[in-house]
Amino acid sequence: MNVSILILLSCPLLAFAEWIETPAQSSKGHLVPAPDYAPNFPRDHGSHPEYGIEWWYWVGHLQSADEQKTFGFQFTVFRIAGDAEKAENQFDGFFGNQNLFLVHSALSDLESGEYLHLERVYREGWQARASSQTLNLSVGGIQAHLLSGEEGQRVVARYKEANRLELSFRPTKPLVPFGDRGLSRKGADPAAVSWYWSYTRLQAEGILIRDGVEIPVKGTAWMDHEISSSQLGGGLEGWDWTCMQLDDGTEIKAYRLRTGAGESDPWSAVYWIDGEGGTERVYADGFSWEAEDSWTSPNTGLEYPTSVKVTAEHPVRGKQIFRLRPLLDGQEFTGNRSDNAYWEGACEVLNERGDRIGKAYLELAGYGGGLGARLN
Amino acid sequence: MLYLRLAALILVRTTVRHWREKIGSYLLLLAIVAVGVGAFNGIRQASRSASANFGLFNQAISGQSDFLIESPTKTLSADVLYSLGPLSGDPDWHLVPVIEGSITSLDGDGEPQQQLRLVGLDLMGLANLPNLSEAKFDFGEDELTWYDWLGSENSVWIGRKTAEKLGFDEGEAIKFIASGRMREMVVRKIIGVESSSFPDDLVIADLPTAQLLLSRPNELSRIEVIIDRPELRENVDYLETIKSRIARYLPENLAVQPTQNRAADRAAITAAFRLNLTILSLIAILVGAYLILQALDAAVVRRRSEVATLISLGVSRGVLFLTFLLESAVIGSIGSVIGIGVGWLFAYLSAQMLADTVNALYFATTIEAISLTWMDCVFGLCLGFSFTLLAGWLPARDAMQTPPAQVLSRGDWSPGFSWLRNRWIGTVLLVLGSLLLLLPPFPLEAGGKMAVGGFLAAGCWILGAALLSGHLLVGLAGLLRSFSSSPTSRLACSRLHDGSSRHRLAVAGLVVAVGMVTGMFQMVDSFRGTIEQWFNVRFQAELYISERGVTGAGTINGIDPSVMSELVQDETIAYADIVYVSYANPPEGITVLSGVDMEAWSTTIRQLWLKPPGSLEPVEGSEPALISETFARRFGLLEGGSIELETTTGKKSVSPIGIYSDYGNEFGTAAVDISTWKEWTQSERPINVSLYLNEGSDINGVRDRLRLSYPGLDVRNAAELRGVALDIFEQTFKATSALNGIGLVVAFAGLLLGLLAIFDESSRTWLTLRHLGFSKNQFLLSAGLEGAGIGLGAWISGSLVGLALGWLLIFVINVQSFGWTLRWQVPMADFLTFGSLLVIAGFLSGLLAATYWSHKNK
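A.B. asks: Would you mind showing me how to read the overall build of chain B here?
C.D. replies: A count of helices and strands for chain B gives 27 helices and 24 strands. Looking at chain B as a whole, 52% of its 858 residues qualify as buried.

Printed below as a string of structure tokens:
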């Protein structure tokens, strides 16, 4: 439930062309991302504790070296800042009172049909640390840092029963900033903006330790890093989000925010990322998102529209149709509490004719009801 | 089988009739068995309830902790958290750092109200625990916004019972003293926990808040480990795998152990205390066994002609033997069942008393609900049953040997118990007891020792004295008869001089109780005397300061160092003797490492020295230390040497340069110089300070001024400190006194029962005397004197064995169990008062029994 708030806060957000003046601070006293900001890497891969909300997100598809096994994975680290006014104790390095971290990690074993997932929450301190100088995260079972001497990242995620995934990511495209003047808009509120940077195609390589067996793996991945300080408005039931990596070397990010009436919020959008990292986009009136089939969770009883048809009008190439099909039905992330469940999993992408044209990750949140109420 | 059926038939047809006729005696007999079993079971349940509660937070909140990560000194530097490496975020378990300490709540007038246990934990981390929601740990509305707790520095959570007791509501401020400072926090939430395991005295706060309140920044008490899959808790292999995975990455000075081991540690710490109580509780049942033997023997005598008739009719002697054994078994079973109920009642009444004692002597505890387990029932039944059966054995054998012709022709045959007349059995027991003293003490888990030889010797001596007491009674009666002139007194003396089995049994039962009671008299008195002397020598300072409200020996919370350094700047202070205390681990068990001003302790500070400073040569390479007598005896350092203690900073060797008497704890203390102590323990927190004031200072004036300036501290003058210490001392002997009382009540009930049987048996004599003109008053007086004679005989025999027991308790059992020597004091006045009471009680018992007999035989 509470995690859902953070997920919602951290979901891919809108960017309208109409410009607004952003305030210096949010209502809670945190800094608001400024326009025309020139990110300074590697520092900006690190944490931004002056801002209210931040997350790092990796998803991807892997294949074992012998090509016998395929996997999907998700790692997410959230940081949410507490009320700066309330905290009086000096942070002693062990038990912080300013920042809360959450980790979600999941592994889909597409051959065996097993889905491992884990949620943990920590306060900043001995179990959760994020450097503000570079990418250096150590939050519970997830460790992430930059590769030394080359562009890329190294992430280690631990699952239950001593299972572990260790991956190195090397980008094949430059980092993509979303939005206008470096700001991704989240809503009508001028403070509802974020810095939103993604590696839309990463080469992944590493090992998976599964049931005590070390399996060399490689594949492709997607990484997001977003920094903001404000929350979304009310009236939302949840969201559907996907990142597609097509075999032609392009990527597509699509999402719709679902209103209580079952419609797409105007901030919903589709982005196309070309081979060089350039982007095109359309908004809610330029695409449709239709459920073609659904899956009902035996754990929570929730019904998720896991087969999706996205029809979008590319500004140059015209109408395009993408069909998402789950590679495994049971990819429901239930976390520590079942009322906080969402579906996030590995999919394949089909074209209009039903031919496989790429891979995707699909996120379906807010199907348990009541999410909108918690957001208000 | 046929034997058994026949025996049962005879029991139903004849014995039940006798029970109806002597309903009062049998009810008393049942009561004796019930009290005996009840005392044993009650102590068992009460000490479990009083010392089981050691407040692992998780046990109270979300079920069970599986492992504990601890250092030898029971404190950890928070720095270790960063050295845990991959352990910290492993999804297969949850690491829960905990800090624990004592605080004292204050009432509206600012007076100490209740000592509470403050447990600090990472409230954020609770959300990860697998059982949180299943444990019915209700955070109410807060549950939806738990992340708001981040930064809840001035909030505490308390249990419903505590809130009701102290009169707090949610949102109200709670005032208390922590680390010598007055504090105020807001009750964020009263936790509604249905589980009865939530301790009464628990207060929960966010971990950094608790560290701040306790003035223990950067410190933890332990790290609790909870596995992520509680359904695998019973899987030994899984737990072992988890344990070895944790152990692989633990820093060298930390150890992971199953949580049950901690319970075992606590149990081991109080093992000697509980064992002593259990042994004492056996007295009642031992005395009871004597009485059962006596009562059943009387029953055999009464039914002798009936037994003879049955034998003449062809009933085999084996069946008769079985019948009487069956009778004992029935009495034992019914008495034991009642005893289980009585035990629960005793436990209910005495649990708080025992909890107070455990609090004062060992560690902070509160009582848990008294629980009656199946094992308690089985123990109680077995104990009562076997003791009664054992007691019934001899009378049953006696019945079996009845010669029918002789009994039916002469109407009487009473051989009595020949073994009661045999001096040798008693003498051999006394000698055997003396030899058993040579046995070495048995080592217990926490490093304590059990004086096996001492306890066995005590048992032998008591039994031996009980057996020989009949001879003393006979001799005493003969002596008194020669001084008696009146018919009544001569009659009483003659009857005692005859030394029937029943007289001997009556006195023997009393001797057991008297011996134990007088032995304990001496121990308590010697203890008190020794402590007073220790006080006179040791406590020469004018004022003594410690954390307010904290009195237990096991509480080593301490005073905020900044408060202490400010306090000792007071211009009236000539010298401040500051003492630091922490736990340390010797090779086995636990001990106390103290930091003191070695120079002052070796020269000016007075002590009761067993070996004055400098009389022992320190071992090279070891830290010179002043050690307590307990420490010296426990680790064999009476003649010097060295021992390694595990401290926060690793193993350190200490070597004694002097040995002092100390009655503060039974684990032993090694005192090193303050600078060394601080270096070894990485702590700065003192436990108390003794202030020597400038000459001419107004002691009470300074005391009052300091009390006003430091409301979080207890400032006492020497007399007040002595009062507090003696209160704790008295507290520790409350349970012992209660058990002594029970033993005595059983013994007197037995005396009454015995005399009733004796007068019943002497019916013909009394009737003849009545015909000869013996008046009723003369009869009553003679009976009273007979009872008084038994009381006197029991007192003399009991006091003799009591003196031996006193010596044994002081010079063997105390030395071996606790490692301290006491000055032996025999409280003559108490002895005489007790003797007089015993004689009077005997006289009244005789009078009562005779009145009853007389009423029945009008």
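A.B. asks: Just to check I follow, could you spell out the overall build of chain A for this structure?
C.D. replies: A tally of regular secondary structure across chain A gives two helices and 23 strands. The buried share of chain A, reckoned over its 376 residues, is 52%. Pairs at least 24 apart in sequence give 58% of the contacts found in chain A among residues at least 6 apart.

A.B. asks: I'm lost on the interface of chain B and chain A in this one. Help?
C.D. replies: The parts lose accessible area when they come together, and the size of an interface is often stated as this lost area. Facing 23 residues of chain B, the contacting portion of chain A comprises 27 residues. Partitioning the side of chain B that touches chain A into residue classes produces 12 nonpolar, six polar and five charged.

A.B. asks: So what exactly am I meant to see when it comes to helix α21 (residues 674-681) of chain B here?
C.D. replies: Residues and elements named next belong to chain B. Listed as buried for α21 are Trp 677, Trp 680 and Thr 681. Buried positions in α21, seen along its axis, are confined to an arc of 85° and lie on one side of it. Elements that come into contact with the buried residues of α21 comprise β16 (573-584), β17 (591-596), β20 (643-647), β21 (650-660) and β22 (669-673). Looking at the residues trailing α21, positive phi occurs at Gln 682, about 60°.

A.B. asks: Looking at this structure, how should I read the nonpolar core?
C.D. replies: A general feature of soluble globular proteins is that nonpolar side chains tend to end up buried together. Of all hydrophobic cores here, the largest spans 145 residues; its most connected members are Val 77, Phe 101 and Ile 142 of chain A together with Leu 118, Val 156, Val 203 and Val 225 of chain B. Setting aside chain neighbours within four positions, we find Phe 101 of chain A in contact with Val 77, Phe 78, Arg 79, Tyr 122, Glu 124, Ala 128 and Val 139 of chain A. Counting 125 residues, the second largest nonpolar core, distinct from the first, contains Phe 387, Ile 462, Val 512 and Leu 744 of chain B.

A.B. asks: Explain the confidence of the model for chain A to me, please; I cannot follow it from the model alone.
C.D. replies: Interpreting fine coordinate detail is not advised for predicted regions of low pLDDT. Residues and elements named next belong to chain A. On average, residues of chain A score 86 in pLDDT, and 87% of them reach the 70 mark or higher. Within the model, the stretch residues 1-17 combines pLDDT values under 50 with 53 contacts to residues more than four positions away or in other chains. The low-confidence segment residues 370-376, where pLDDT is below 50, has 18 contacts with residues more than four positions distant or belonging to other chains.

A.B. asks: It is not clear to me how the environment of Glu 124 of chain A should be interpreted in this structure. Could you clarify?
C.D. replies: All names here are of chain A. One can find Glu 124 in strand β4 (residues 114-125). On the basis of neighbour counts, which here come to 26 C-beta atoms within 10 Å, the residue Glu 124 falls in the buried class. Separated by 29 residues in the primary sequence, Glu 124 and Phe 95 place their C-alpha atoms 6.4 Å from one another.

A.B. asks: Before we go on, may I ask you to explain unusual backbone geometry in this structure?
C.D. replies: In most cases, non-glycine residues show a negative phi, while peptide bonds are predominantly trans. All names here are of chain A. Between Phe 41 and the following residue, Pro 42, the backbone shows a cis peptide bond with an omega angle of 15°. Here Pro 42 shows up in the loop between α1 (2-9) and β1 (53-64). In the Ramachandran plot, Asp 211 falls in the positive-phi region, its phi being about 50° despite a non-glycine side chain. Classification of Asp 211 as exposed rests on a count of 10 C-beta atoms within 10 Å.

A.B. asks: How do you make sense of the pairing of strand β22 (residues 342-350) of chain A when you look at a structure like this?
C.D. replies: Each regular strand carries side chains that alternate between the two faces of the sheet. Residue and element names in this part refer to chain A. Here β22 lies mainly inside the structure; seven of its nine residues are buried. Bridge analysis of strand β20 (residues 318-326) against β22 gives four bridges, and the strand direction is antiparallel. Bridge pairing in β22 places Leu 324 opposite Val 349. Where β22 lies against strand β23 (residues 356-365), nine bridges are found, and the strand directions are antiparallel. By the bridge assignment, Glu 344 is partnered in β23 with Glu 363. Taking the residues between adjacent antiparallel strands as the criterion, β22 and β23 are bridged by five residues, where Gly 354 takes a positive phi near 95°.

A.B. asks: I tried to follow the environment of Gln 98 of chain A on my own but got confused; where do I start?
C.D. replies: All names here are of chain A. With respect to the element layout, Gln 98 can be found in strand β3 (residues 95-109). The exposure class of Gln 98 is partly exposed, given the 17 C-beta atoms found within 10 Å. For the pair Gln 98 and Ala 81, spaced 17 residues apart in the sequence, the C-alpha separation amounts to 5.6 Å.

A.B. asks: Can you help me understand the packing of helix α15 (residues 452-483) of chain B against helix α17 (residues 501-538) of chain B in this one?
C.D. replies: How two helices pack is summed up by the angle between their axes together with the distance between the axes. Residue and element names in this part refer to chain B. Here α15 crosses α17 at 135°, and the two axes come no closer than 8 Å. With respect to α17, the axis of α15 lies oblique. Considering how the two elements wind past one another, α15 and α17 form a crossing that is right-handed. Across the interface between the two elements, Ile 462, Ala 465, Ala 466, Leu 467, Ser 469, Gly 470 and Leu 473 of α15 pack against His 503, Arg 504, Val 507, Ala 508, Val 511, Val 512 and Gly 515 of α17. For the contact of α15 with α17, a count of residues per class yields nine nonpolar, four polar and one charged.

A.B. asks: Would you take a moment to explain the environment of Ile 742 of chain B for this structure?
C.D. replies: All names here are of chain B. Among the structural elements, Ile 742 can be located in helix α24 (residues 734-761). A tally of 23 C-beta atoms within 10 Å means that Ile 742 is categorised as buried. Along the sequence, Ile 742 and Ala 513 sit 229 residues apart, while their C-alpha atoms lie 9.5 Å from each other.

A.B. asks: Can you walk me through the confidence of the model for chain B in this structure?
C.D. replies: Residues and elements named next belong to chain B. Taken as a whole, chain B shows an average pLDDT of 79; of its residues, 83% reach a score of 70 or greater. Below a pLDDT of 50 lies the segment residues 52-63, which in the model reaches 42 contacts outside its immediate sequence neighbourhood of four places, other chains included. Scored below 50 in pLDDT, residues 362-367 makes 30 contacts in the model with residues more than four places away or belonging to other chains.

A.B. asks: I tried to follow the packing of α15 of chain B against helix α16 (residues 487-498) of chain B on my own but got confused; where do I start?
C.D. replies: All names here are of chain B. Running from N to C, α15 and α16 point in directions that differ by 155°, and their axes come no closer than 8 Å. The angle between the axes of α15 and α16 places the two elements in the roughly antiparallel class. Note on packing geometry: the crossing formed by α15 with α16 is left-handed. On the side of α15, the interface is formed by Leu 473, Val 474, Ala 477, Gly 478, Leu 480 and Arg 481, while α16 contributes Arg 490, Cys 493, Ser 494, Leu 496 and His 497. Among the residues forming the contact of α15 with α16, the class breakdown is six nonpolar, three polar and two charged.

About the criteria used
- Residues numbered from 1 in each chain as written.
- Chains lettered and ligands numbered in written order.
- Predicted model: local features only at pLDDT ≥ 70, side-chain atom pairs only at ≥ 80, totals over all residues.
- Helix = DSSP H or I, 4+ residues; strand = E, 2+ residues; numbered from the N terminus.
- Buried ≥ 20, exposed ≤ 12 C-beta atoms within 10 Å, placed from the backbone.
- Contact = placed C-beta atoms within 7 Å.
- Nonpolar A, V, L, I, M, F, W, Y, C, P; charged D, E, K, R; others polar.
- Arc of directions from axis to C-beta.
- Core = buried A, V, L, I, M, F, W, Y, C linked by C-beta atoms within 7 Å.
- pLDDT = per-residue confidence, 0-100.
- Pairing = 2+ DSSP bridges.
- Axes fitted to C-alpha atoms, helices over the stretch in contact; angles between N-to-C directions.
- Parallel < 35°, antiparallel > 145°, perpendicular 65-115°, else oblique.
- Left-handed = near helix turned anticlockwise from the far one by under 90°.

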